[in-house]
Amino acid sequence: MSRSATYLDYNATAPIRPEAREAVLRAFDLAGNPSSVHASGRKARDLVEAARAQVGDLVGVVAGSVTFVSGGTEADALAIASAKAAGVSRIIVCAGEHDAVVESAAAGGLPILTLPIDGEGVADLAWLEEALKADGRALVCLMLANNETGVIQPVAEASALVRAADGLLHVDAVQAAGKIAIDFTALGADTMALSAHKIGGPQGVGALVSGTRATVVRQQHGGGQERGRRAGTENVAGIAGFGAAAQAAARDLPSMANQGTWRDALAQRVKAVGAVVLGEGAPRLPQTLCLAADGFASQIQVMNLDLAGVMVSAGSACSSGKVKASRVVEAMGRSDLAPFALRVSGGWASTEQDWISCGDAWLAAYSRIGARRREVA
Ligand code: PLP
């Protein structure tokens with residue numbers, strides 16, 4: 001990525017960390033299949049198992065709790081399908097969940113209930129407590145941090161309710177990992193989804209972390225890889241890169257606070273001309289800013305910032321190209337602002353200057369477009 005460009009779209013994907021890049025390249029130089037018993041195979045196995053321990057460390061679990069998969073989407077799908085196989089009869093999905101969770105839950109054919117969020121984007125736990133009283137064991141899907149707003153959910157509190165009702169809790173921690181400290185056990189999760197490319201690892205690799213109450217039931221059949229939880233020769237290079245990224249992300253966690261300071265400075269600048277910061281009253285990831293300025297369409301903002309060399313996202317631009325109003329912002333009761341939501345997200349390599357450049361470009365575009373709107377009126 002050119003240094004003159006300003007990349008503030010880490011929630012879409014993070015630039016690869018040098019440690020991860022090196023680990024990937026080293027792994028490419030090995031010829032072994034981790035299932036082979038010869039020397040090269042054993043070396044490949046060692047890489048996979050070292051990475052398993054590194055990823056486990058990031059969320060405070062032993063290596064055996066980590067199943068490598070192809071990414072956050074597969075981790076979410078595997079968790080939900082496994083809970084269904086374990087006999088849950090209904091799924092409670094929080095309103096702000098990623099499509100990977102929403103669509104995987106819908107695909108399972110079980111009744112789905114939507115756990116509402118409040119105006120700040122935080123799950124309504126009183127509603128959850130009531131819903132859990134109904135008949136039938138439930139799987140609850142509650143993400144740790146939202147991909148658009150960065151709002152952090154009260155997962156440990158939700159877990160207490162879920163456990164009291166003998167339900168299961170799946171936590172999508174794809175966005176939270178590497179940005180805030182995560183303790184799988186303290187959160188009371190039964191399963192947790194992680195994705196390498198959101199923490200500076202390669203794309204196309206992720207992990208499902210599972211606790212003692214969960215059984216991972218494989219959806220992909222074939223060989224006995226991943227202790228029978230997911231068939232198919234492991235993505236050794238991707239997994240090695242994931243492990244290296246996880247280790248570097250854990251090391252860098254304290255410096256994430258800087259992102260919060262720089263993010264808040266940008267927030268002050270845009271709020272001064274009337275923009276709204278979504279989820280500002282809730283605990284949030286330090287490096288995510290979701291802003292909306294009435295009448296300044298998301299896509300216009302993205303295009304204008306791009307012309308100024310600043311890369312950000314409109315709403316949930318995961319499968320980009322599609323322009324649709326933010327479902328998360330709508331669920332927060334701010335349908336009026338949904339077409340105008342913009343996500344700015346930094347990460348491990350973002351500098352204070354990146355956030356300042358983003359603010360400069362946004363304010364310049366806002367005054368240009370605003371002036372044109374006034375001419376039309
Ligand atoms: N869950 C959340 C919260 C995400 O933000 C994303 C990607 O944007 C995913 C899941 C999907 O992860 P992956 O791209 O690794 O499939």
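Right, let's walk through the structure included here. (Residues numbered from 1 in each chain as written. Predicted model: local features only at pLDDT ≥ 70, side-chain atom pairs only at ≥ 80, totals over all residues. Heavy atoms only, no water.)

### Examining the pattern of salt bridges
Condition: Counted as salt bridges are all cases of a side-chain nitrogen of Lys or Arg within 4 Å of a carboxyl oxygen of Asp or Glu. Helical segments are the DSSP runs of H or I of at least four residues, strand segments are the runs of E of at least two, and each set is numbered from the N terminus. Buried residues are those whose accessible area, probed at 1.4 Å on protein chains only, stays under 20% of the maximum for their type, while exposed residues exceed 50% and partly exposed ones sit between those limits.
Applying the stated criterion across every chain, the model contains 20 salt bridges. A salt bridge links Arg343 to Asp9; its shortest N-O distance comes to 3.4 Å. Here the residue Arg343 occupies a position in strand S13 (residues 341–345), and Asp9 occupies one in the loop between strand S1 (6–7) and helix H1 (18–28), the gap between them amounting to 334 residues. With its nearest N and O atoms 2.7 Å apart, the salt bridge here joins Lys133 to Glu130. Lys133 sits in the exposed class, given a relative accessible area of 57%. A cluster of three or more residues bridged by salt bridges with shared partners is formed by Arg45, Glu49, Arg52, Glu226 and Glu234.

### Side note on the pairing of strand S6 (residues 168–172)
So the rule is basically this: If DSSP finds at least two bridges between two strands, the strands pair. A clockwise course of the path from the first strand over the helix to the second, judged with the strands pointing away from the viewer, identifies a crossover as right-handed.
Most of S6 is tucked away: five of the five residues are buried. Covered by surrounding structure in S6 are Leu168, His170 and Asp172 together with Leu169 and Val171, the residues of both alternating faces. Pairing between strand S5 (residues 138–141) and S6: three bridges, direction parallel. Within the sheet, the bridge partner assigned to Leu139 lies in S6 and is Leu168. Viewed along the sheet, the connection from S5 through helix H6 (residues 155–164) into S6 turns out right-handed. With three bridges connecting them, S6 and strand S7 (residues 191–195) associate as parallel partners. From the neighbouring strand, Val171 faces S7, where its bridge partner is Met192.

### Observations concerning the nonpolar core
What counts here: Grouping buried Ala, Val, Leu, Ile, Met, Phe, Trp, Tyr and Cys residues that are joined through side-chain atoms within 4.5 Å yields what is termed a nonpolar core. Boundary definitions for the domains trace back to an automatic or database domain assignment.
Ranked by internal contacts, the top residues of the largest apolar core, which has 69 residues, are Phe68, Leu128, Leu144, Ile182, Met192, Leu194 and Phe242. By residue number, the principal contributor to this core is helix H8 (residues 236–252), which donates nine residues. Counting only domains with at least three residues in this core, you end up with domain 1 (6–15 + 255–376) and domain 2 (18–252). Of all hydrophobic cores here, the second largest spans 24 residues; its members include Leu8, Ala275, Leu305 and Cys358.

### Some points on the packing of helix H5 (residues 125–132) against H6
To be explicit about the condition: An axis is simply a line fitted to the C-alpha atoms; with a helix, the fit covers only the stretch in contact. Between two such axes, the angle follows the N-to-C directions and lies from 0 to 180 degrees. Roughly parallel here means an angle under 35 degrees, roughly antiparallel means over 145, roughly perpendicular means 65 to 115, and every remaining angle is called oblique. For any helix crossing, the convention is left-handed if the near helix is rotated counterclockwise from the far helix by under a right angle, and right-handed if that rotation is clockwise. Contacts: residue pairs with any heavy atoms within 4.5 Å of one another.
Axis separation between H5 and H6 bottoms out at 10 Å; the angle between their running directions is 15 degrees. The angle between the axes of H5 and H6 places the two elements in the roughly parallel class. Judged by the sense of rotation from one axis to the other, the crossing of H5 with H6 is right-handed. In contact with Leu125, Leu128, Glu129 and Leu132 of H5, H6 contributes Glu157, Ala158, Leu161 and Val162.

### Some words on the sheet that holds S13
Within a beta sheet, neighbouring strands are joined by backbone hydrogen bonds and run either parallel or antiparallel to one another. On the basis of which strands lie adjacent, the open sheet formed by four strands has the order S9-S10-S13-S12 and antiparallel pairing. Where the open sheet ends on each side, the last strands, each with one partner, are strand S9 (276–277) and strand S12 (313–314). Bridge count for S12 against S13 is two bridges, and the pairing is antiparallel. Residue pairing in the sheet places Ser313 in a bridge with Arg343 of S13.

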